[in-house]
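Summary of the model geometry
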Number of protein chains: 2
Amino acid sequence: MEKYEHHVKQWLKENRARAARLLQLLVRENSTRGNESSTQAIVIEKCRQLGLTLDIWEIGGDELKSHPAYCCDRQSFDGNPNLVAVLKGDGGGKSIILNGHIDVVPVGDESNWDYEPFSGVVECGKLYGRGSTDMKGGNVALLMAMEAIIATGIKLKGDVIFQSVIEEESGGAGTLAAVLRGYQADGAIIPEPTNMKMFPKQQGSMWFRITVTGKAAHGGTRYEGVSAIEKSLIVIKSLQQLEKDRNARVTDPLFKKIPIPIPINIGKMMSGEWPSSVPDTAVIEGRMGVSPDESIQSAQMEMEKCLQDLCDQDEWLKRHPLKLEWFGGRWQPGSLETNHPLINELTKRFIEVKGEPPVIEASPWGTDGGILSTVGHTPVVVFGPGITAVAHDANEHIILEDLFAASNIIALTILRWCEVAESS
Amino acid sequence: MEKYEHHVKQWLKENRARAARLLQLLVRENSTRGNESSTQAIVIEKCRQLGLTLDIWEIGGDELKSHPAYCCDRQSFDGNPNLVAVLKGDGGGKSIILNGHIDVVPVGDESNWDYEPFSGVVECGKLYGRGSTDMKGGNVALLMAMEAIIATGIKLKGDVIFQSVIEEESGGAGTLAAVLRGYQADGAIIPEPTNMKMFPKQQGSMWFRITVTGKAAHGGTRYEGVSAIEKSLIVIKSLQQLEKDRNARVTDPLFKKIPIPIPINIGKMMSGEWPSSVPDTAVIEGRMGVSPDESIQSAQMEMEKCLQDLCDQDEWLKRHPLKLEWFGGRWQPGSLETNHPLINELTKRFIEVKGEPPVIEASPWGTDGGILSTVGHTPVVVFGPGITAVAHDANEHIILEDLFAASNIIALTILRWCEVAESS
């Protein structure tokens, strides 16, 4: 085994520049929702060159769309395929899924970026651009790990199932489609931006929309109306209290260092049409975190009750109830016992490469790990080189050293997990 | 005098149906900003039939636009003229300006209206439609008062200067243009919707925009960002406290019955782009009331100081200061002593017609009275038949009986104020 490990490490060391170039190529393609095809084409070509067995398909169909875990408002997936690329093993070893999403979130206000958002600029060991951290950097770590094994002539016993999926940022329809297509394994690694931490548990989440009704009036006699903005303030206060109460119940040590384990984020608020009129409607949109120990449904019921209680206490809201909708994205929570063999294996390889034990925590956001584990019955660890804090932010970037280390750790883990075949 | 008064009263009584029809005609024309011409054409034709001296002009020019009281973001006034129509007196009496605006605010959400917003439907003595109360009903009261005097053959000593102006709802450029064109008088009545109350003092007002800066982050790690919505909550709280403090200082008995004499209305709030991102910007727009006893400038400085104090107390806002802009509408406050002869005269005629004394208060909103008095040096009373509560709201309407009574009171006041000439 030492021999194989040495070859793989050596190959990865010698091919760092190629890894960075591949990431640059991927970041330079805008793969926001509906625009995934050009980036996916680069990944497909890479997998073809590696000699993997390709499964490329446009997701959709009744089985997917009627599945209870399906959550997607996208009209068409045409032209933006999912990819699964398999490195078939000789048999006898454990199989592993390496899952990464290819879609990225919008760039936001471009004026906040120091470089053009799709530049892929490298400076001081960091590569910049939307998707660099979340999670094209992780995907490159996977691809380089596989290439290292293939290039050094190693044959594995178990299958390595690489998945480049769409739609993670909007609810996981891509991974769900892969699960329903039959892809399962004895373990899975998803290299989301974890700051090199390991997340055996993942926070789930879902989007909500609350509509608040007021009564219009002239601003000069605002006491004749009821301000939807003022009513929104007490709604927001209730949500803040709900967040506090829910987080007080989270005692899992994996969440110990996370300031707010399952946040309720208010992401949007829109109200009013005219500065001197009392606004008669306000719309609040946000994201509710779901603990690995609870279901989507029970979390939804808790928010419904919170808002109902508020309506019961407020004379105006009693007569003009808040409207709560669950719309857009929804991500299943995921949970794996911390002494699972996959965690143990990853931990040993982490120590081998980094010389220190990894931080093991719960993830602060939902990932496709929820679907892979709850629907696909595949044990999942989320572990990757990206930087949590800059995901979805301006000036998103990744530290290339971390990408190389993650690639190394994952490659070594694959060798142990899938086992090296005698034909090597 | 009794004879003249009797004739005028009698004429108005007999011509109530014509007054209602004229109002219906005016309400059926949409005269929102930029669309005033067709309604103004009806008023012009009416004044032509009455034999008044017409002054019709498109406002604009450097003198207007560079005036410190000018506040207008409209690009062009072409095709939507101002009108001044004068009933020249024989000389020796006091002159009076009768001022009404022809522009109306947008209809808002049409689904909240029981009738089509420009229907002019009459039901149970009420006439419905945008502008019925604010303030085409008041304008009809003025026109009918003048027609009663003319039709009964009365000649006056003083001039009656009728003004049908544009742009009141957006800052008073129409009345300012009339003042700068030289129209001044010994007194003025503006029949805004006061519920038949008399307003010798008028609240001024102006629009503000506050931009709040936050820091974006992924909603799942929202503690890594700074929510512009959360920061907005403390801005709104500060504005609410400022409103409280400013209103506590208002001791003028004219404001006694007004719940909030000089409100700060928050009319709009927009923040965020994505439910699961921390919003990095919020924009709050509103209207600040200005007391008749203070200047626009001092009120502005008070809000500036309030926001500066907030920034000084908050570590984040200290480094990311709030941005305050004064934009869009601005209406000068107005003030007339309550024992002014014009108030006394109106009060006597009110008692004569209604059999009870009028309520004398301060107006809850700015009117063109601010410009007429501060720039035009003309003593102004705001008094009219419209309903304060339904101005700018859905289902705006006016009680026709009030329109007839106001017309009567104003006609009798004109006889006393301008005096009847011997040639009558």
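Bear in mind that the values here come from a model prediction, so they are computed numbers and not experimental data. (Residues numbered from 1 in each chain as written. Chains lettered and ligands numbered in written order. Predicted model: local features only at pLDDT ≥ 70, side-chain atom pairs only at ≥ 80, totals over all residues. Heavy atoms only, no water.)

Okay, the overall build of chain A next. A tally of regular secondary structure across chain A gives 12 helices and 16 strands. Here chain A has a C-alpha radius of gyration of 23 Å; the compact-globule value for 424 residues is 22 Å, and the two agree. When its C-alpha atoms are laid out on the principal axes, chain A stretches across 85 × 45 × 40 Å. By residue count, 65% of the 424 residues in chain A fall in the buried class. Sequence separation of at least 24 residues holds for 83% of the intrachain contacts in chain A that already meet a minimum separation of 6. By element, 48% of the accessible surface of chain A is carried by carbon and sulfur atoms, the whole surface being about 15,500 Å². (Helix = DSSP H or I, 4+ residues; strand = E, 2+ residues; numbered from the N terminus. Rg over C-alpha atoms; globule rule 2.2 N^0.38 Å. Buried < 20%, exposed > 50% of the residue type's maximum accessible area, 1.4 Å probe, protein only. Contact = heavy atoms within 4.5 Å. Areas by Shrake-Rupley, 256 points an atom, 1.4 Å probe, with all protein chains shown as cover.)

Read from one edge to the other, the open sheet built from eight strands follows the order β12(A)-β9(A)-β11(A)-β10(A)-β10(B)-β11(B)-β9(B)-β12(B), with strand pairing classed as antiparallel. Of all the strands in the sheet, the pair left with one neighbour each is β12 (323-331) of chain A together with β12 (323-331) of chain B. Going from strand to strand, the sheet's axes swing by 25° on average, the running direction of each strand aside. As defined by bridge partners, strand β9 (residues 204-213) of chain B adjoins β12(B) across seven bridges and the pair is classed as antiparallel. Paired with R209(B) across the strands is E325(B), a residue of β12(B). (Pairing = 2+ DSSP bridges. Axes fitted to C-alpha atoms, helices over the stretch in contact; angles between N-to-C directions.)

Turning next to the sheet that holds strand β8 (residues 198-202) of chain B. Residues and elements named next belong to chain B. What the eight strands build is an open sheet, ordered β1-β2-β6-β3-β7-β14-β8-β13; its pairing is mixed. Here the strands that pair on one side only, and so sit at the sheet edges, are β1 (53-57) and β13 (360-363). On average, each strand axis in the sheet is inclined to that of its neighbour by 25°, with strand direction left out of account. The sheet contact formed by strand β7 (residues 188-190) and strand β14 (residues 380-383) spans three bridges and is parallel. Paired with I190 across the strands is V382, a residue of β14. This element, helix α5 (residues 132-151), spans β2 (82-87), β3 (96-101), β6 (160-165) and β7 of the sheet and lies at about 145° to β3.

Here, the residues flagged by UniProt with the feature "domain: Peptidase M20 dimerisation" (unreviewed entry) are residues 202-314 of chain A. Between the first and last C-alpha atoms of residues 202-314 of chain A the distance is 36 Å; the span itself is 35% helix and 26% strand. (UniProt positions renumbered as here; feature names shortened; annotations may be inferred.)

All names here are of chain A. Burial of strand β6 (residues 160-165) is extensive: six of the six residues sit out of reach of the surface. Of the two faces of β6, the one carrying V160, F162 and S164 and the one carrying I161, Q163 and V165 are both buried. Both strand β2 (residues 82-87) and β6 contribute to a ladder of five bridges, which runs antiparallel. Counted as the bridge partner of A85 is F162 from β6. Across six bridges, the pairing between strand β3 (residues 96-101) and β6 is parallel. Note that in β6 the partner of I97 across the bridge is I161.

Here we take up the pattern of salt bridges. Tallied over the entire structure, the rule returns 62 salt bridges over all chains. The partner of K157(B) in a salt bridge is E419(B), with the nearest N and O atoms 3.5 Å apart. In this pair, K157(B) sits in the loop between α5 and β6 while E419(B) sits in the segment after α12 (400-418), placing the two residues 262 residues apart along the sequence. Classification of K157(B) as partly exposed rests on a relative accessible area of 24%. Salt bridges here are not isolated pairs; linked through shared partners, they connect R33(A), E36(A), D73(A), R74(A) and E167(A). (Salt bridge = Lys/Arg side-chain N within 4 Å of Asp/Glu carboxyl O.)

Taking 1.5 Å of rise per residue, the 18 residues of helix α8 (residues 296-313) of chain A would be expected to cover 26 Å, and the 26 Å separating its terminal C-alpha atoms lies within 8% of that figure. Against the buried residues of α8(A) lie β9 (204-213), α7 (228-248), β10 (264-271), β11 (281-290), α9 (315-319) and β12 of chain A. (Expected span 1.5 Å × (residues − 1).)

On inspection of all chains with the given rule, the structure shows 14 aromatic pairs over all chains. Note on W207(A) and W274(B): the rings are 5.1 Å apart at their centroids and 80° apart in plane angle, and the pair reads as edge-to-face. Of this pair, W207(A) sits in strand β9 while W274(B) sits in the loop between β10 (264-271) and β11 (281-290), each in a different chain. Their ring planes at 55° and their centres at 5.8 Å tell us that W207(B) and F327(B) sit as a pair that is tilted. Remark: F327(B) occurs in strand β12 and W207(B) occurs in strand β9; sequence separation between them is 120 residues. In this pair, the class of W207(B) matches that of F327(B), namely buried. Among the aromatic residues, those joined into a ring-pair cluster are W207(A), F327(A), W331(A) and W274(B). One Lys or Arg, R209(A), reaches over the ring of F327(A) and ends 3.9 Å from the middle of that ring. (Phe/Tyr/Trp six-rings, centres within 6.5 Å; stacked < 30°, edge-to-face > 60°. Lys NZ or Arg CZ within 6 Å of the ring centre and 35° of its normal.)

Residues and elements named next belong to chain A. As assigned here, chain A comprises domain 1 (2-202 + 333-418) and domain 2 (204-331). Taken together, the contact pairs 24 residues of domain 1 with 19 residues of domain 2. Summed over both sides, the interface of domain 1 with domain 2 buries roughly 1,600 Å², with 59% coming from carbon and sulfur. At the boundary of domain 1 and domain 2, one finds two salt bridges. K201 is the partner of D293 in a salt bridge, and the nearest nitrogen-oxygen pair spans 3.9 Å. Counting across the domain 1 and domain 2 interface gives six residue pairs in polar contact (both at pLDDT 80 or more). (Domains from an automatic or database assignment. Buried area = accessible area lost by both parts, 1.4 Å probe. Polar contact = N/O pair within 3.5 Å; in protein donor to acceptor, adjacent residues only side chain to side chain.)

The subject of this paragraph is the environment of F118(B). Residues and elements named next belong to chain B. Note on placement: F118 falls in the loop between β3 and β4 (122-123). F118 sits in the buried class, given a relative accessible area of 15%. Taking the C-alpha atoms as reference, F118 lies 9.2 Å from S132; in sequence the two are 14 residues apart. Among all residues touching F118, those that are not within four sequence positions of it are V27, R28, E29, N30, V107 and R130.

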